[in-house]
Amino acid sequence: MWRFLATVAALATIVSSFAVNTNVALGHERRAVGPYTFVVGWINEPAYVNAVNGLSLDVTDTSSLKPVEGLAKTLQAEVIVGGGAKKLSLDLSTDEENPGHYEGSFIPTKTGDYIFHIFGDAGSTKVDERFESGPNTFDGVVSTDQLQFPDKVPASSDLAARLDSVQTLVIAAIVLAGVALLVSLGGLVMRRR
């Protein structure tokens, strides 16, 4: 019986060592792309609105599990939001301490789902993949409201709306002052006649 338990313990140790040594984060999407495995998600999770973040991409050879280096020159990436309404090209950078790991930084300014589009060449494999945030992949960008203490900071959109209403009031005041000036000048002209 103890041999069986020792065998199970040895297998559990081996399996757990693979889990510890991979640089795959939870909340990332794993996908086979030709002979490679792409793992895509956020650099920092959860992804908060108006906080520096970006694309985290790990590429390994599926058969050997070895990291694939040198793809920052042959792959391109972009982030897409609003159903494709807005796109931003990302510059992929490498991490010398983590071979096969690439990042493209930006600041997400809107809550909701984002798409990472990765395209170009990985070795002799043509790549054109879209990784969309969602319930079974990686999370979308979330608000910082629940973290703000003691006072909540107004959202940029709220400040923009307030600024627009103040701008409208200032324009109305200028127009009203112009009309008042014209009426008073007209009164002066009428008195001199």
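Look above for the structure.
Keep in mind that what you see is a predicted model, and the values were worked out from it rather than measured.

Peer 1: Help me understand the nonpolar core, please; the structure alone is not making it clear to me.
Peer 2: In a soluble, globular protein the nonpolar side chains are often hidden away together inside. With 28 residues, the main nonpolar core has Phe38, Leu55, Leu57, Phe116 and Ile118 as its most contacted residues. Elements supplying a minimum of two residues to this core: β2 (36-42), β3 (53-61), β4 (75-81), β7 (101-106), β8 (114-122) and β9 (125-132). Discounting residues that sit within four places of it in the chain, Phe38 has contacts with Glu29, Arg30, Arg31, Val33, Leu57, Asp58, Val59, Leu75, Ile118, Val127 and Phe131.

Peer 1: Help me out: how do you make sense of a nonpolar patch on the surface in this one?
Peer 2: A cluster of nonpolar side chains, contributed by Ile171, Val175, Val179 and Val183, occupies part of the molecular surface with about 360 Å² of accessible area. By the secondary structure assignment, Val175 is in helix α2 (residues 156-192).

Peer 1: Just to check I follow, could you spell out the pairing of β7 for this structure?
Peer 2: As defined by bridge partners, β3 adjoins β7 across six bridges and the pair is classed as antiparallel. Opposite Asn53, over in β7, you have Phe106 as the bridge partner. With two bridges joining them, strand β6 (residues 93-94) and β7 adopt antiparallel strand pairing. Counterpart to Thr94 in the pairing with β7 is Tyr102.

Criteria and thresholds
- Residues numbered from 1 in each chain as written.
- Predicted model: local features only at pLDDT ≥ 70, side-chain atom pairs only at ≥ 80, totals over all residues.
- Heavy atoms only, no water.
- Core = buried A, V, L, I, M, F, W, Y, C linked by side-chain atoms within 4.5 Å.
- Buried < 20%, exposed > 50% of the residue type's maximum accessible area, 1.4 Å probe, protein only.
- Helix = DSSP H or I, 4+ residues; strand = E, 2+ residues; numbered from the N terminus.
- Contact = heavy atoms within 4.5 Å.
- Patch = residues over 30% accessible without salt bridge, like charges linked within 9 Å, V, L, I, M, F, W, Y side chains within 5 Å.
- Areas by Shrake-Rupley, 256 points an atom, 1.4 Å probe, with all protein chains shown as cover.
- Salt bridge = Lys/Arg side-chain N within 4 Å of Asp/Glu carboxyl O.
- Pairing = 2+ DSSP bridges.

None of this, on its own, says anything about what the molecule does.
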